[in-house]
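Report on the structure
Spelled out from the first residue to the last, the chains are:
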Amino acid sequence: MGASMTDIKNIQHKAFLFDATRCIDCRACMISCSVENNIPMNKTRIWVAGVGLKGEYPNLERASMVYHCMHCVAPDCLSACPVGAYSKRPDGPVLYDPDKCIGCRYCMNACPFGVPHFDYDKGLIQGAFIDKCTMCPQRIDIGQEPACVATCPTDALMFGERADLLKEAHARIQAHPDRYIDHVYGETENGGTSYLILSHVPFGELGLPDVGSTPVKVVSEEVMDITIPFALTWGAILTGVTIGVHAYNQKKEAAEKKLVDADSPAEETK
Amino acid sequence: MTKTLTRRDFLKLGGSAIGAVALGEFIPPLVAKAARANGQLDASDSGYISSMCEMCVWRCGLLAKVKSGRVVKLEGNPDHPHSKGKLCPRGQAGLMNTYDPDRVLTPLVRVGNRGEGLFRKASWDEALNIVAKNMQDIKQKYGPEAMIFSSTHNLSQPLFENLLQAYGSPNYGTQRSLCFNAMTVSNLITYGMEEPERDYSQLKYIILTGRNLAEAISNSETGELIHAIDRGVKLVYLDPRFTKTAAKAAEWLPIRPGTDLAFHLAMLNVIIGEGLYNASFVSQYTVGFDEVAASVGQYTPEWAARITEIPADTIRRIAREFAAAAPYSLAHNGWRTSNFVNSFQTERAITILNALVGNWGTTMFPVGTGTGGMGTPPQPAYPRVSAQRLDGVPWKYPFVPLQYGVFQQLRDSIVDEKPYAAHGWLISRQNPAMSIPDRRKTLEAFGKMDFIVTTDIIMNDTSWFSDVVLPEASYLERYDPLSMVGDPLSAVGSRAFLRQPVIEPQGEGKSAMWIYKQLGTRLGLGDFFQYKDEEDYIAQQLAPLGVSLNEVRSRGYVNLPASHQDIYKWTTSSGKIELKSTALDKAGFDGVPKWDEPPAPKSGQFYLLTGKGARQTQFGTQNNQLLHKYDDEPGLWMNAKTAASQGLKDGDKVEVTSDVGKIYVKLQATQAIRPDCVYLQPGFGHLSKGLTTAYGLGSSSSDLHVTYTDPISGGQALSQTFVTVRKA
């Protein structure tokens, strides 16, 4: 198995905490990201998700979420990449190396959150097929918060040590149990993510998938781990069966031949 | 993920896939040299320079990240109380205003017909001479009053007003009557100050009457509200729309438009009737309690329920809760309060409500006044102005301060040529073609002019109809004067922050300080502009404080001497909070607020509501590509059930008709609005083809707005326009 629950909670690295009750959907984070990372006008690394408005006038609710790469503790994109274009920094960021990428898009299929996006405008020669959030290493390495977090006017986004943010998140739930869903999304989801989410509405309404605590990566690696023994064993069994069947068939054929010989003597004489 | 901003949303700009900041490639000799000298930039001209945002009027402090002469990122200045290290979406997108591909980079002189958009480039010298000659000719032929000056809130406004007064025209147009006159005039009458400061630190209960802080963002105040809610402060929110602020409220009351006054009168009724007011505060610090008590006796919650469509029990409960939370409650006085002809009295009721429960010195404080010890260049006395003002102040609107004016009345007087005709219009950083109601009439007013000159950074809609366009340097490229403490939007404790250039201007852009001085000099008014350049002006401001400009440039602000302020002193005629205004009484208006029923839509008509979205500021930001990138498409909100009953569906193109105009716009069927209202975000529907991003986007509410003026505050009643909607 992968990391145990206790391990997931004590992971030592940077993370985001997003609180949907504080988000006013102003999108300063999105513009900040675009400028900081020089994202072209028709591309983005950060999205608004959620059902938005819910209910019927005048009984209404609204919830939305901004999200970008979840920077999983055990990233599926990394595990799915056949050429090692993804890496996970020990302090949190999941990074992508365009020079290694061959554009196979396995990472896009592997990510349960739909984060890596294919750049259809760029061909094989230009490389950099995939784009996604980097956690702004150029900023965090000099002690600044990522661009999206730094500008958030309502502190709906925060940045810090994952363990500290988890403590903060649980403290908020405890202080206002009537306000929050009693769960920090990302604490255990997919083996733990570095984008932690607090919400007043069910997480599904924010557009978050219901993933288990075991990352696909771990599942696939476990499967990969037993592939060879499994193949050898299964091969041996099949070989045995084949041999057995063959032997049985030979015996049967021999017996049938005898029967034929006995049943059709006339034929023989014809 | 379910409802995401899809890839399609980022293709709106088609081929213009320019990198956000990959523009401009020159080395900035002067700015970089100065910034290196005071330690903001390193040897390779990289680093952060402190300045001030101008994407709205909240005036946040910013830190501009500069690399080799280009701004590559803006951050909120943590030292500035309005930004606290953060910028809103508009502030974040600010550098795209500077790098807008549609910037006007040289002075332009019209060669085609007005509105045709044909201009030729001109030198500054030629353009300024043309402007000065026209202004002189108008003055000689018709008198200085034939020249209109108009501008919107900005740090160079004192110098613009200086030019106006030195030239000798009484005709001054500002955005104020289209925005906050009702609120500020009411505060002046009640408290003797434009806008008391609000303090959220001890707040327990807040009522927002249409103040959509989550979308009409005032950076620090929006943050303070959300943090207050986080702490458990109860927010009661009155708005016919379920805005993003409504989504954060403990209680959203979809009140019938135009009836906020009835709600607040009933609040006063309960608080006085049940003895919930702060008797010692009222007797010590207010005048006119008995008159208010006698007047509001009739306004029971049951009475208000019929008018507002809010249940009587709810009003009664909220009044009790509000009083119980006092003195840590706050009835927010709003901001753009130009809604109905009764908006002034609505504001009065709110100011009285706060005073009755004693929310003073806890959630409300007086604003600082004075110059903060700063100096100004010497200048002679202004010439005496004898001509009447065209905007009716004070002869028609005696309570409107001269500096506010009544812009829509000014426009109407230009069209009617009464009491006299105007012949010239100097417009600075303002877009009346978009902002004044009944746009057709505003264009008619342009037609009355012999000469129109506009200064702006882009070809805005008013520039499009101008004879000369003077290119301004953007807020990242220029100095503005240090603002005085008396300006409520600059009252940020004991510091004055500096707007300074963080890069060299694009093209030939010049600061307003330079432009006004050049014009003044050419008009023979050089004595009113006794400064060599921008730096000399600011140095003269700083001189009495003994601080050098270089120090201020590197720190970003100057510390002002502490001034003692008596919290419990009001500059009204009585020296107290005036629950009853004798001045209003004497002028024949209601000295205590009384119910005043505004007009309502006829059957088949809707209230037309307008109001800000989080990513645009009034009429000036729609061409910003970064804001456009993440903004929603502007459409006409209509209640989904109403739409269905009219055979309309989401996305339909509809024709919207008012008494003065007609527009075509995409329908947005939503649950988030009262069935008797429609809503349109203002600022779209630009006329200028020189705005290549904004042109063709949405439609303008100014084409529909009918001109109605509140007789006391001069505020335009922007929600008093009724429209019909049918499938186009």
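Note that the coordinates shown come from a computational prediction; the quantities given were computed from them, not determined experimentally.

Notes on the overall build of chain B
- Looking only at helices and strands, chain B features 23 helices and 26 strands.
- On C-alpha atoms alone, chain B measures out to a radius of gyration of 25 Å, which is about the 27 Å that the 2.2 N^0.38 rule sets for 728 residues.
- The principal-axis extents of the C-alpha atoms in chain B amount to approximately 70 × 65 × 60 Å.
- The 728 residues of chain B split such that 60% are buried.
- Across chain B, contacts joining residues at least 24 apart in sequence account for 74% of those joining residues at least 6 apart.

Focus on the overall build of chain A
- Scanning chain A for helices and strands turns up nine helices and nine strands.
- Within chain A, buried positions represent 41% of all 270 residues.
- Sequence separation of 24 or more characterises 60% of the internal contacts of chain A that already satisfy a separation of 6 or more.

A short note on the interface of chain A and chain B
- The partner chain B presents 46 residues to the 41 residues of chain A that form the contact.
- Counting only elements with at least two residues in the side of chain A that touches chain B, the list comes to helix H2 (28-36), strand E2 (47-56), strand E3 (59-67) and helix H6 (147-151) of chain A.
- Split by residue class, the side of chain A that touches chain B holds 20 nonpolar, 12 polar and nine charged.

Here's the deal with the domain arrangement of chain B
All names here are of chain B.
- Partitioning chain B into domains gives domain 1 (21-99 + 473-508 + 530-560), domain 2 (196-366) and domain 3 (606-727).
- On a C-alpha basis, the centres of domain 1 and domain 2 stand 38 Å from each other.
- The interface of domain 1 with domain 2 comprises 10 residues on the first partner and six residues on the second.
- Split into classes, the residues belonging to the side of domain 1 that touches domain 2 amount to six nonpolar, two polar and two charged.

Here we look at the sheet that holds strand E8 (residues 157-161) of chain A
Residues and elements named next belong to chain A.
- What the three strands build is an open sheet, ordered E8-E1-E9; its pairing is mixed. Looking at strand neighbours, the two that pair on one side only are E8 and strand E9 (195-198), the edges of this open sheet. With strand direction ignored, the average angle separating the axes of adjacent strands in the sheet is 25°.
- Each of strand E1 (14-19), E8 and E9 touches helix H7 (residues 162-175); the most contacted strand, E8, lies at about 130° to it.

Cut-offs used in this document
- Residues numbered from 1 in each chain as written.
- Chains lettered and ligands numbered in written order.
- Predicted model: local features only at pLDDT ≥ 70, side-chain atom pairs only at ≥ 80, totals over all residues.
- Helix = DSSP H or I, 4+ residues; strand = E, 2+ residues; numbered from the N terminus.
- Rg over C-alpha atoms; globule rule 2.2 N^0.38 Å.
- Buried ≥ 20, exposed ≤ 12 C-beta atoms within 10 Å, placed from the backbone.
- Contact = placed C-beta atoms within 7 Å.
- Nonpolar A, V, L, I, M, F, W, Y, C, P; charged D, E, K, R; others polar.
- Domains from an automatic or database assignment.
- Pairing = 2+ DSSP bridges.
- Axes fitted to C-alpha atoms, helices over the stretch in contact; angles between N-to-C directions.

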